[in-house]
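Each chain, written out:
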Amino acid sequence: MAKEFTEVQQDDFMKFGAERPSYLDIEDELMKLGGHGVAGNNFKKETLKLAGWTGGALTTYASRAVVAKDAFNRIRVALIKASTAEELTALLTKK
């Protein structure tokens, strides 16, 4: 995947405004890789967990901004090297 995303910052989860934070673009890319719809959403959730996200369905990224930032940035780096959902999963499961 040749697409690069801007580094996610902790305060990105608390911003409102015209500029779209990169974590939303990363979520969109995960949904696309996972097949959109329910499958895409499930892939996004599982990928975030693999990357270190510890929150549940009702936990906002802003409430655990450091953990969310770290997880999204791990995914961001892996997305540069992955072109499929399987490749991304493999990269994130490596230590």
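Attention in this report is confined to the structure presented alongside it. The shown structure was predicted, so the numbers you read here are calculated from the model rather than taken from an experiment.

### Things to note about the environment of Lys-45
Step number 1: Structurally, Lys-45 is set in helix 2 (residues 37-50).
Step number 2: Relative accessible area serves as the criterion here: at 41%, Lys-45 is assigned to the partly exposed category.

### A short note on the side chain of Ser-22
Step number 1: In this fold, Ser-22 is placed in helix 1 (residues 22-34).
Step number 2: Residue class for Ser-22 comes out buried when judged on its relative accessible area of 8%.
Step number 3: With near-sequence residues (within four places) excluded, Ser-22 lies in contact with Thr-6, Glu-7 and Val-8.

### With respect to the nonpolar core
Step number 1: Ranked by internal contacts, the top residues of the largest apolar core, which has 23 residues, are Phe-13, Ile-26, Tyr-61, Phe-72, Ile-75, Leu-79 and Leu-88.
Step number 2: The leading source of residues in this core is helix 3 (residues 65-81), at 7 residues.

### Regarding helix 2
Step number 1: Helix length check: helix 2, at 14 residues, gives a terminal C-alpha distance of 20 Å against a target of 20 Å (1.5 Å per residue), a fit within 8%.
Step number 2: Residues of helix 2 that are buried include every one of Gly-40, Phe-43, Lys-44, Thr-47 and Leu-48, and no others. Here the buried residues of helix 2 occupy an arc of 130 degrees about the axis, which is enough to place them on one side.
Step number 3: Buried positions along helix 2 lie against helix 1, helix 3 and helix 4 (85-93).

### Considering the pattern of salt bridges
Step number 1: Enumeration according to the criterion identifies 7 salt bridges in this entry.
Step number 2: Residue Asp-12 pairs with Lys-15 through a salt bridge whose shortest N-O separation is 3.5 Å.
Step number 3: Of the residues examined, Asp-12 reaches a relative accessible area of 8% and is grouped as buried.
Step number 4: Notably, a salt bridge pairs Lys-44 with Glu-27, separated by 3.6 Å at the nearest N-O pair. Taken as a pair, Lys-44 in helix 2 and Glu-27 in helix 1 lie far apart in primary sequence, 17 residues in all. Each member of the pair Lys-44 and Glu-27 is classed as buried.
Step number 5: If you follow the salt bridges from partner to partner, you end up with Arg-20, Asp-25 and Asp-28 in one network.

What counts, and at which threshold
Residues numbered from 1 in each chain as written. Predicted model: local features only at pLDDT ≥ 70, side-chain atom pairs only at ≥ 80, totals over all residues. Heavy atoms only, no water. Helix = DSSP H or I, 4+ residues; strand = E, 2+ residues; numbered from the N terminus. Buried < 20%, exposed > 50% of the residue type's maximum accessible area, 1.4 Å probe, protein only. Contact = heavy atoms within 4.5 Å. Core = buried A, V, L, I, M, F, W, Y, C linked by side-chain atoms within 4.5 Å. Expected span 1.5 Å × (residues − 1). Arc of directions from axis to C-beta. Salt bridge = Lys/Arg side-chain N within 4 Å of Asp/Glu carboxyl O.

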